[in-house]
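Structural characterization, general
So the chains spell out like this:
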Amino acid sequence: MKLGIVGLPNVGKSTLFNALTKAGAEMANYPFCTIDPNVGIVPVPDERIVRLGEFFHSKKVTPAVVEFVDIAGLVKGASKGEGLGNQFLANIRETDAIVHVVRCFADDNVIHVDGSVDPVRDIETIDLELIFADLEVLERRISKVGRTARMDKSAGKEYAMLERLKVHLEDGKDAITFEPADEDEAQWFGELNMLTAKPVIYAANVGEDDLADDGESNEYVQAVRKYAAEHKSEVFVICEQIEAEMSELSDEDKKVFLEDLGIEESGLDKLIRASYRTLGLMSFLTGGEDETRAWTIKIGTKAPQAAGKIHTDFERGFIKAEVINYQDLLNCGSYAAAREKGLIRMEGKEYVVRDDDLIEFRFNV
């Protein structure tokens, strides 16, 4: 899973990135401090593999990971080359989803590129630039397909779809709300890799005082939530300064710190949960003396394809999957006891893997 962290200059992107990844991206109170995208790999916090690792006495415990890309601040006119322009936009195309950091705090000491705090205006500024960039890509494709549209039936059909998409974008609508008419159109649409076709998760960056009530009393946060609801997007509230402080603490001290603040989970936990929901992801588990590990897959993945996440040979030679709910195994205390209770199942090629499944694959190549 690859997430791009975006937003206007000075909204707290790089501070948040540093807190999430401890990667040390440079921070400064001026626009375009981040000129090259910074990349950090973050383990997904997962109590299940910790407990299973202890159960199996595993030599190695490997969590699922998220790759974060901190991308330079965007301004009006970026699609035409203003600010860092197209460099920024090209970096977004490589991500699975966009984490849009929105400033929801007032602070005279932190410059706002537009002179005032207005989160919905800020969101629309970036969204409009992304639409402009998508239209530029679309125009080039229309020009290319148009050369053969009259003589080739398939090209003619694609051309008609592209023209419909162009009208859709020109109406100020994101590509993610465009509905291809059939499988052919869906394929052509996917090949365009539209920026506005990517799901967006909004990170409402607040001051420390607004964290305890999850931004309920913050009018800026409420405006972002209303906008996100209308666009079927997720929102989570975060205080990047608090996240920066927590990034220096041990896991045990983090728990105490969160309790003292009266909050249940860190911004990283909120973001990862929102990302999994937005992208329709889940993790299944494998375990043993050598390694216990979480594997990220799409919800609805069948057993052979899940096996393929581990190794292509597992999918190619798939025979059966031995499956048990990880909590059931822990409760029983051993595989033998779990077998006696009938909690271990043998599943075939049509089995749809579930969250919390602990699986051992049987295969023959």
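In every chain, residue numbers begin from 1 and rise along the written sequence. Selection of residues for local features in this predicted model requires a pLDDT of at least 70, selection of side-chain atom pairs for listing and counting requires 80 or more, and totals for whole chains, interfaces and linings are taken over all residues. Hydrogens are left out, water is left out, and the side-chain values use all remaining heavy atoms of the structure.

The next point concerns the overall build of the chain. If you tally the helices and strands in the chain, you get 14 helices and 12 strands. Burial classes: relative accessible area under 20% of the type maximum marks a residue as buried, over 50% as exposed, and values in between as partly exposed (1.4 Å probe, protein chains only). Scored against the burial criterion, the 365 residues of the chain give a buried share of 48%. Two residues form a contact once any of their heavy atoms are found within 4.5 Å. Looking at the chain alone, contacts between residues at least 24 apart form 67% of all its contacts between residues at least 6 apart. Accessible areas in this description were obtained via Shrake-Rupley with a 1.4 Å probe; residue shielding takes into account the shown protein chains only. For the chain, the exposed area adds up to about 18,200 Å²; of that, 48% sits on carbon and sulfur atoms. For helices the rule is a DSSP run of H or I covering at least 4 residues; for strands it is a run of E covering at least 2, with both sets numbered from the N terminus onward.

The next thing to look at is the nonpolar core. Across soluble globular proteins, nonpolar side chains have a tendency to be buried as a group. Phe 68, Tyr 202 and Leu 358 are the most contacted members of the largest nonpolar core, which has 67 residues in total. Of the residues forming this core, the biggest block, 6 residues, is contributed by helix α10 (residues 267-279). Those residues in contact with Tyr 202 that sit more than four places away from it in its chain are His 100, Val 102, Ile 123, Val 224, Tyr 227, Ala 228, Ser 233, Glu 234, Val 235 and Phe 236. We define the nonpolar core as a collection of buried residues of types Ala, Val, Leu, Ile, Met, Phe, Trp, Tyr and Cys that are connected through side-chain atoms lying within 4.5 Å of one another.

Of note, His 57 is a non-glycine position whose phi angle comes to about 55°, a positive value. Residue placement: His 57 occurs in the loop between α2 (47-56) and β3 (60-62). Assessed through its relative accessible area of 65%, His 57 is described here as exposed. We note that Lys 232 has phi near 55°; this positive angle belongs to a residue other than glycine. Structurally, the position occupied by Lys 232 is in the loop between α7 (219-230) and β7 (234-238).

With that settled, consider helix α1 (residues 13-21). Counting buried positions over the 9 residues of α1 gives 9, a clear majority of the element. Inspection of α1 places Lys 13, Ser 14, Thr 15, Leu 16, Phe 17, Asn 18, Ala 19, Leu 20 and Thr 21 among the buried residues, and these make up the whole buried set. Positive phi shows up at Lys 22, right after α1, with a value of about 55°.

Take the pairing of strand β10 (residues 318-325) next. A pair of strands is labelled paired if DSSP reports no fewer than 2 bridges between them. As paired strands, β10 and strand β12 (residues 357-363) are joined by 7 bridges and run antiparallel to one another. The residue bridging Val 323 from the neighbouring strand is Ile 359, located in β12. Examined bridge by bridge, β10 and strand β11 (residues 345-347) share 3 bridges and lie antiparallel to one another. Within β11, the residue paired with Glu 322 across the bridge is Met 346.

All right, on to helix α6 (residues 183-192) then. Taken together, the buried positions of α6 are occupied by Glu 185, Trp 188, Phe 189 and Leu 192. Buried residues of α6 fall within an arc of 100° about the axis and therefore sit on the same side. The exposed residues of α6 that point more than 90 degrees off its buried face are Glu 183 and Glu 191. Those residues of α6 hidden inside the fold are in contact with α4 (119-146) and α5 (153-170). Taking the backbone nitrogen of Asp 184 as reference, a side-chain oxygen 3.2 Å away marks Asp 182 as the first, capping residue of α6. The first or second residue beyond α6 is Asn 193, which carries a positive phi of 50°. Taken from the helix axis, the directions to the C-beta atoms give the arc we talk about. By the criterion applied in these results, polar contacts are pairs of N or O atoms within 3.5 Å in which, for protein atoms, one can donate a hydrogen and the other can accept it, and in which residues neighboring in sequence qualify only through two side-chain atoms.

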